[in-house]
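Single-letter residue listing:
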Amino acid sequence: MAGDASLRERRNRLLEQRGVRGEAFCRRYAAEADAWLSGLADRAAGDNKRHLALLAVGGYGRTSLCPYSDLDVVLVHNGHRDIRAVADGIWYPVWDEGVHLDHSVRRPSEVLTVAAEDLRVALGLLDARMVWGEHKLADPLIEKARATWRDRLGTKYLPVLEAQMAERRATAGDVAFLLEPDLKESHGGLRDVSVLRALSAYAPLLADYADLASLKDAAAVLTDVRVELHRMAGRVHDKLLLQDQDQVADSLGFADADALMLAVSTAGRQIAWVSDDVWRRRRLWDPTPPPKRRFRRGAPEPERVRPSSELGPDMVEIDGEVALTSSAPVSDDPSLALRLAATAARLDRPIARGSLHRLADRMPPPGEPWSARTRDSLVALLALGPAAVDKMESLDQHGLLVRLIPEWAAVRNKPQRNAYHTFTVDRHLLETAALAAELADRVERPDLLLVGALFHDIGKGFPGDHTTVGMEVVERMATRMGFPPDDVDVLVDLVRHHLLLPDTATRRDLDDPMTIARVARAAGNRTTLHLLAALTEADSRATGPSAWGAWKAGLVADLVERADRVLKGEVEPAGPDRIVAHNRALMDEVRQTGLPSVSLQPPQVIVAASDRPGLFSSVAGALALNGMDVRAANVSGEDGVAVEVFTVEVARGTWPDTAKLRQDLAAVLSDRVAIGELLSERERVYSRPRARAANQPGTDVTVDNEASETATVLEVRAPDEIGLLHRITRTLFEAGLDVVSARVSTLGEMVVDAFYVRESGGGKITDQARLSHISNAIHAELHP
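Rules behind the numbers
- Residues numbered from 1 in each chain as written.
- Predicted model: local features only at pLDDT ≥ 70, side-chain atom pairs only at ≥ 80, totals over all residues.
- Heavy atoms only, no water.
- Helix = DSSP H or I, 4+ residues; strand = E, 2+ residues; numbered from the N terminus.
- Buried < 20%, exposed > 50% of the residue type's maximum accessible area, 1.4 Å probe, protein only.
- Contact = heavy atoms within 4.5 Å.
- Areas by Shrake-Rupley, 256 points an atom, 1.4 Å probe, with all protein chains shown as cover.
- Lys, Arg positive; Asp, Glu negative; His and termini not counted.
- Charge placed at Lys NZ, Arg CZ, Asp CG, Glu CD.
- 1 Å grid on protein atoms, 1.4 Å probe; cavity = no way out; pocket = protein on both sides within 12 Å on 5 of 7 lines; lining within 4 Å.
- Points joined across faces, edges and corners; volume = space filled by probe spheres on them.
- Nonpolar A, V, L, I, M, F, W, Y, C, P; charged D, E, K, R; others polar.
- Pairing = 2+ DSSP bridges.
- Axes fitted to C-alpha atoms, helices over the stretch in contact; angles between N-to-C directions.
- pLDDT = per-residue confidence, 0-100.
- Patch = residues over 30% accessible without salt bridge, like charges linked within 9 Å, V, L, I, M, F, W, Y side chains within 5 Å.
- Salt bridge = Lys/Arg side-chain N within 4 Å of Asp/Glu carboxyl O.
- Phe/Tyr/Trp six-rings, centres within 6.5 Å; stacked < 30°, edge-to-face > 60°.
- Core = buried A, V, L, I, M, F, W, Y, C linked by side-chain atoms within 4.5 Å.

### Structural notes on the overall build of the chain
The number of helices and strands found in the chain is 33 helices and 15 strands. Structurally, the chain occupies a C-alpha span of about 95 × 70 × 55 Å along its principal axes. Across the 784 residues that make up the chain, the buried fraction comes to 54%. Sequence separation of 24 or more characterises 70% of the internal contacts of the chain that already satisfy a separation of 6 or more. A total of about 33700 Å² of accessible surface is found on the chain, and carbon and sulfur atoms cover 49% of it. Between the centroid of the 97 positive side chains of the chain and the centroid of its 115 negative side chains there is a distance of 6 Å.

Next up, the structure:
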């Protein structure tokens, strides 16, 4: 590029070359920055260049310079009299370019003093190289900085590095399993690669205990994506948002965003596994001399090897790792991998890498059907709960899970590109099984719960509806694993009905006897019902923070209790009189004053008002104006006064007082306020931009005329927004329908609203043309 071009011009020319990607871009951009900064330094120093050196450090130092990353530099001097003027002559042009600069001006001794106390500075200096100046000043400093790192690695830096890694994982999550990972800071990201490089360079034993060579390709994938994110955004942008994934996939030549996220997940998983493995084995490679221990005279030294009799057959503990004995039947016993993982999980020890390699090279697939020992070994491993997850990850990284369960390959690293799910499919299955282990004492067949939890979403790896396909896959798998036919049927039912309880509890009227009867009939028996209840909790908790809470847990528990009574042959008690004494008092107040009456009984808001068409919609709008998210609603009334009971969550702000809510309701019902305009403004102020993928579904309306004897159930799935319930129920009112009850459930950025509706004269909506008209009206309202 032209020698007089500014750094911004040089960068822009590189960005315009779409074929220059990833690490190649970073190296070329770093070279352009070197040339430009050298020219600035030449002009700033003039003829007085002695005892000066400009060092690139950190990512710039190792030529990993992404388009909008900081230029990390240190201007080193030995008492240069005009050092301030020289520094200003370099820094100000950089700032004028709008390039972010992380800079310092120091003598060599000052550099070393700061590095000795500041881990970030010390890490940056490990990649230091001279961009401009005198080598005789720069080279000794760089060598001394690296020597300082070696000397203080174990005593000073390692504990801080380990704590920082744990903190980053807690705050930024995992690249491998997140819907929107931070490519730099998330666990398994590029920051971890930098740390591992720093450790490997100055802890010689580390190479014996870590698969560092596997980091190269994984880091290249993340760098490719990171450079494209910067290119697209025109700024620092390291978080791979859902809304960007389609464009990044297209830019990098992936078939689609799912293929991109599969590559990102695979890379992040490899980096994270190596990183975790390194820290688990720290005491084996840590260069810090162990503290001296005092032993009583004549006392034996601590054993390096724990006998296999204490661990079970075929295993031994060596240097704190669980390993296979030399005589272990690796080529004959496929249960060995599962038993090894279970032992390591039980003792909280790493699995020796040599043993994993032996198994990967020689372990046969299990026969058909599996032996009872292999099947029992899988159940025993799953029963260890969260401790088993990392050990199964170790088996998976060496191809052993796929050898045992070939169908696992279809879900491995498979992304779930919606905001409702936290994890990839495979990690979600492992997390569900781990959580199910904590609930095993609630069910009659813990083994079926654990295996069902592990495979309940296996259908997501195959074309078609994941439940329908999953039933076929699990039937085949369970039969191959040697389960008897009755157990196979139960496992298939767990897949068939794994969404039955949460969907029914949050979208159907639990006071309707038909609701309870349908669930009891689907479960078939109490054993399966209890298994479904435990699976529902484990599955929901493993899905993400919005998938399980006190409200949903209470609804599911109520549903299970009622269905359990039916399956025991007990008569379901009649539902409570909806017009209880308290509500009658509110109705009397309405008759006396002519004004709405409101009672706040968290989490319920009870509203009584003169019945009128569209009342439900108006009340829902008033609640939305007060920051209340409706989760359920029931309508009753008599003699011209309606009582509407709303179960709500206050997502924004605090509970309003009764007087304010009453005033708002009176204003809405008297048409003194334009509620639609107010809700639109509230949506504009409070909502954040939605991360919508190109293939994310929009609004969908379904009809269920079998769920209730007296009402039609309309389910509306749509992107969440303030006032959505008001807009839908207003549309239903305008279509001449009465809303009897409603249920609202949130699935990430989407909601599913279920409405029990009747014609204004009573009865279900059975005319298909009318149902189509209602559906079209809802679509038109939500997508004008």
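Now, onward.
### Quick notes on unusual backbone geometry
Residues apart from glycine generally show negative phi values, whereas peptide bonds are mostly found in trans. Following E368, the chain continues into P369 via a peptide bond in cis, with omega recorded as -5 degrees. You can see P369 is positioned in the loop between α15 (353-362) and α16 (372-382). Between P602 and P603 the backbone carries a cis peptide bond, its omega angle lying at 10 degrees. Along the chain, P603 turns up in the loop between β8 (597-601) and β9 (604-610). Even without being a glycine, D314 presents a positive backbone phi close to 75 degrees. Examined against the element boundaries, D314 turns out to sit in the loop between β5 (305-306) and β6 (315-318). One non-glycine residue, D348, lies in the positive phi region at around 55 degrees. With respect to the helices, strands and loops of the structure, D348 is situated in the loop between α14 (335-347) and α15.

### Observations regarding empty space enclosed by the protein
Counted by the stated rule, this structure contains five cavities of 30 Å³ or more. If you add up the space inside the largest cavity, you get close to 120 Å³. Looking at the largest cavity, it is lined by 16 residues, and the ones nearest its centre are R169, A272, D276, E393 and R427. A total of six residues in the lining of the largest cavity trace back to one element, the largest contributor, which is helix α12 (residues 257-280). Class assignment for the residues of the lining of the largest cavity results in five nonpolar, three polar and eight charged.

### Observations concerning the environment of A453
One can find A453 in helix α21 (residues 446-455). Taking the relative accessible area as the measure of exposure, A453 reaches 0% and is therefore buried. It is 28 Å that separates the C-alpha atoms of A453 and S355, two residues lying 98 residues apart in sequence. Leaving out residues up to four positions away in the same chain, A453 has contacts with L429, T432, A433, A436 and L535.

### Quick notes on the sheet that holds strand β2 (residues 71-77)
With respect to topology, four strands assemble into an open sheet ordered β3-β2-β1-β4, the strand pairing being mixed. The strands lining the two open edges of the sheet, one partner per strand, are β3 (101-106) and β4 (129-133). Across this sheet, the average inter-strand angle for adjacent strands is 25 degrees, counted without regard to direction. Two strands pair when backbone bridges link them, and strand β1 (residues 52-56) and β4 are joined in this way by four bridges, in the antiparallel orientation. For L54, the partnering residue across the bridge sits in β4 and is W132. Against the sheet, helix α2 (residues 22-45) contacts β1, β2 and β4, and its axis sits at roughly 35 degrees relative to β4.

### As for the confidence of the model for the chain
In this model, the chain carries a mean pLDDT of 89, and residues with pLDDT of at least 70 account for 93%. The low-confidence segment residues 291-302, where pLDDT is below 50, has three contacts with residues more than four positions distant or belonging to other chains. Counting interchain partners and residues more than four positions distant, the pLDDT-below-50 stretch residues 689-695 has 20 contacts.

### Describing a negative patch on the surface
On the surface, E472, E475, D486 and D489 cluster together to form a negatively charged patch. Broken down by secondary-structure element, the contributors of at least two residues to the negative patch are α22 (466-480) and α23 (485-496). For D486, the location among the structural elements is in helix α23.

### Brief notes about the packing of aromatic side chains
Under the definition given, this model contains five aromatic pairs. A centroid spacing of 5.1 Å and a plane angle of 85 degrees characterise the contact between Y92 and W95, whose relative ring orientation is edge-to-face. Here Y92 and its partner W95 are both found in helix α4 (residues 83-96), three residues apart, which amounts to about one turn of the helix. When its relative accessible area of 45% is taken as the criterion, Y92 is described as partly exposed.

### Regarding the nonpolar core
Counting residues in each nonpolar core, the largest one holds 140 residues, and the members touching the most others are W149 and L199. Sequence-distant contacts of L199, defined by excluding residues within four places in its chain, comprise L153, L158, L161, L206, V278, W279 and W285. Judged by nonpolar contacts, the second largest core, of 46 residues, contains A718, I728, V739 and V751.

### Looking at the sheet that holds β8
The eight strands lie next to each other as β8-β9-β11-β10-β14-β15-β13-β12, forming an open sheet whose pairing is antiparallel. A strand with exactly one partner marks an edge of an open sheet, and here the two such strands are β8 and β12 (700-704). When the angles between neighbouring strand axes are averaged without regard to direction, this sheet yields 20 degrees. Alignment of strand β14 (residues 737-747) against strand β15 (residues 750-759), held across ten bridges, turns out to be antiparallel. Each residue of the ladder has a partner; that of S745, found in β15, is V752. Against the sheet, helix α29 (residues 615-625) engages β9, β10 (628-638), β11 (641-650) and β14, with an angle of about 30 degrees to β11.

### Describing the environment of G89
Take G89: it is sitting in helix α4. Leaving out residues up to four positions away in the same chain, G89 has contacts with L40 and A44.

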